[in-house]
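# Survey of secondary and tertiary structure
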Amino acid sequence: MGDGVTLIQKADRWLARRLVRRMLPLGAGPGVVTVSFDDAPVSACHEGRAILDHHGVKGTWYVAGGLTDRLEQGEACHSVPDLEALLAHGHELGCHTFDHQPCSGLGAEGMRSQLQQNRRFLQGLAGGAAPQHFSFPLGDYGLASKWLAARCFDSVRLTRAGIHRGSADLNGLLAQRLYADEMTPDRLRSLIAETAACSGWLIFYTHGVSAQPRRWGCTPALLEQVLTDARAHGCELLAVGQALAHFRARTEPAP
Ligand SMILES: [Zn+2]
């Protein structure tokens, strides 16, 4: 999201990354790899889920209720039954804004009402619950929206790349793009090796999953590689909520 970002927005994000932090110590142990899907396109709900299910892995889908049965950037988004199938298979639904609007232009009232509407939507699904995890639509955030999201969720995810080492800011989780047009098998392998070596946490995000992926999506082969490489390096594969519980458990003082 470098395009169209003004100097003031850049300064706001720079500040936001340094303030309103909620640090989670990661402790020592195996690296942790998380797979997440933004917007839950149909292909992520079907092909993406099938691959995770095959490997016995849970993922996190960040959903904007307003995209249900709609197109986002030309890609077909989830239906209600798609989301309910994710829940039935034990996957985690995170929260976007309801209409997928970027947050920094919404104002506090607008953002609150978007979050409330989306929370209501997710709670209304069969098996649904209040979402605990949020990601900023289009990776758009600033100090005010970070503060607001931080008050509502256990974790808040950005679209800024990086491996968490030693600790993670729960109000500004880093996430690595898993896009077919830029991620090579070698780069993927080295990111996972690095995560394993530093007992870190690496969160991937993508959109659709298809053999002919759209611009912001990945291929089934690339997604498979995340899972097999993570296992080969001894990493745990956990949804966002599972990862938080895992880190909290391993850093708790012994009784
Ligand atoms: Zn999105």
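Along each chain, residue indices are assigned from 1 in the same order as the chain's sequence is written. For a predicted model such as this one, the threshold for reporting local features is a pLDDT of at least 70, and the threshold for listing and counting side-chain atom pairs is 80 or more; totals across whole chains, interfaces and linings nevertheless cover every residue.

### Looking at the overall build of the chain
Only runs of H or I of at least four residues qualify as helices and only runs of E of at least two qualify as strands under DSSP, and these elements are numbered from the N terminus. Counting its secondary structure elements, the chain contains eight helices and 12 strands. Computed over the C-alpha atoms, the radius of gyration of the chain is 17 Å, within 12% of the 18 Å expected from 2.2 N^0.38 for a compact globule of 255 residues. Overall, the chain is about 45 × 40 × 40 Å in size when its C-alpha atoms are taken along their principal axes. Two residues qualify as a contact pair if the distance between their C-beta atoms, derived from the backbone, is within 7 Å. Counted over contacts in the chain with a minimum sequence separation of 6, partners at least 24 positions apart contribute 74%. Computation of the radius of gyration draws on C-alpha atoms, with the globule rule given as 2.2 Å multiplied by the number of residues to the power 0.38.

### Details of the environment of Ala126
Among the secondary structure elements, Ala126 is positioned in the loop between helix H4 (107-123) and strand S7 (133-135). In this structure, the C-alpha to C-alpha distance between Ala126 and Thr68, residues 58 residues apart in sequence, is 15 Å.

### Observations concerning H4
Working rule for helices: expected span equals 1.5 Å times residues minus one. Its 17 residues give H4 an end-to-end C-alpha distance of 24 Å, which sits within 8% of 24 Å, the value for a rise of 1.5 Å per residue. Looking at H4, one finds that the buried residues are Met111, Gln114, Leu115, Asn118, Phe121 and Leu122. Angular distribution of buried residues about the axis of H4 spans 125°; they occupy a single face of the element. Those residues of H4 that are exposed and aimed more than 90 degrees away from the buried face are Ala108, Glu109, Gln116 and Gln123. Where H4 is buried, its residues contact strand S3 (60-63), strand S6 (92-95) and helix H5 (143-152). Exposure is read from a count of other C-beta atoms within 10 Å of each residue's own; the residue is exposed at 12 or fewer, buried at 20 or more and partly exposed in between. C-beta atoms are placed from the backbone. By construction, the arc corresponds to the directions joining the helix axis to the C-beta atoms.

### Quick notes on the pairing of S6
Burial along S6 is two-sided: the face carrying Glu92 and Gly94 and the face carrying Leu93 and Cys95 are both buried. DSSP calls a pair of strands paired once it identifies at least 2 bridges connecting them. The pairing of S3 with S6 spans four bridges and is classified as parallel. If you follow Thr60 over to S6, its bridge partner there is Glu92.

### Some words on the packing of helix H2 (residues 42-54) against helix H3 (residues 80-88)
Only the stretch in contact is used when fitting a helix axis, every axis being a line fitted to C-alpha atoms; angles between N-to-C directions are given from 0 to 180 degrees. Contact geometry of H2 with H3 gives a least axis separation of 9 Å together with a crossing angle of 35°. Note on packing geometry: the crossing formed by H2 with H3 is left-handed. For the pair H2 and H3, the contacting residues are Val42, Cys45 and Arg49 in the first and Asp82, Ala85 and Leu86 in the second. Note on residue classes: Ala, Val, Leu, Ile, Met, Phe, Trp, Tyr, Cys and Pro are nonpolar, Asp, Glu, Lys and Arg are charged, and everything else, Gly too, is polar. Residues belonging to the contact of H2 with H3 are distributed by class as follows: four nonpolar, no polar and two charged. Definitions for this section: a left-handed crossing has its near helix turned counterclockwise from the far helix by less than a right angle. A right-handed crossing has that turn clockwise.

### Description of the nonpolar core
Formed by 67 residues in total, the largest nonpolar core has its most connected members in Val33, Ala40, Trp61, Val63, Phe204 and Ala243. No other element matches the five residues that strand S11 (residues 201-206) contributes to this core. In this description, a nonpolar core means buried residues of the types Ala, Val, Leu, Ile, Met, Phe, Trp, Tyr and Cys, linked to one another by C-beta atoms lying within 7 Å.

### Structural notes on the packing of H2 against helix H7 (residues 220-232)
With their axes 10 Å apart at the nearest point, H2 and H7 run at an angle of 30° to one another. The angle between H2 and H7 places the two elements in the roughly parallel class. The crossing of H2 and H7 is right-handed. Here H2 contributes Glu47, Gly48 and Ile51 to the contact with H7, which in turn contributes Pro220, Leu223 and Glu224. Looking at the contact of H2 with H7 residue by residue, the classes come out as three nonpolar, one polar and two charged. Each angle gets one of four labels, with under 35 degrees taken as roughly parallel, over 145 as roughly antiparallel, 65 to 115 as roughly perpendicular, and the rest as oblique.

### So, unusual backbone geometry
The phi dihedral of Asp39 is positive, around 75°, even though this residue is not glycine. Along the polypeptide, Asp39 turns up in the loop between strand S2 (32-38) and H2. Since 24 C-beta atoms lie within 10 Å of it, Asp39 is described here as buried.

### Re the environment of Lys58
On the secondary structure map, Lys58 appears in the loop between H2 and S3. Lys58 gets classed as buried once you count the C-beta atoms within 10 Å, which come to 20. Here the alpha-carbon distance between Lys58 and Ala230, two residues 172 residues apart in the chain, equals 14 Å. Discounting residues that sit within four places of it in the chain, Lys58 has contacts with Leu52, Gly90, His91, Glu92, Leu238, Ala239 and Gln242.

### Some remarks on the pairing of S11
Most of S11 is tucked away, with six of its six residues classed as buried. Both faces of S11 are covered, namely the face carrying Trp201, Ile203 and Tyr205 and the face carrying Leu202, Phe204 and Thr206. The pairing of strand S10 (residues 176-177) with S11 spans two bridges and is parallel. Considered in S11, the bridge of Arg177 is made with Tyr205. Read from S10 through helix H6 (residues 185-197) to S11, the crossover connection turns out right-handed. Convention used here: a crossover is right-handed provided that the path from the first strand, over the helix, to the second strand proceeds clockwise when the strands point away from the viewer.

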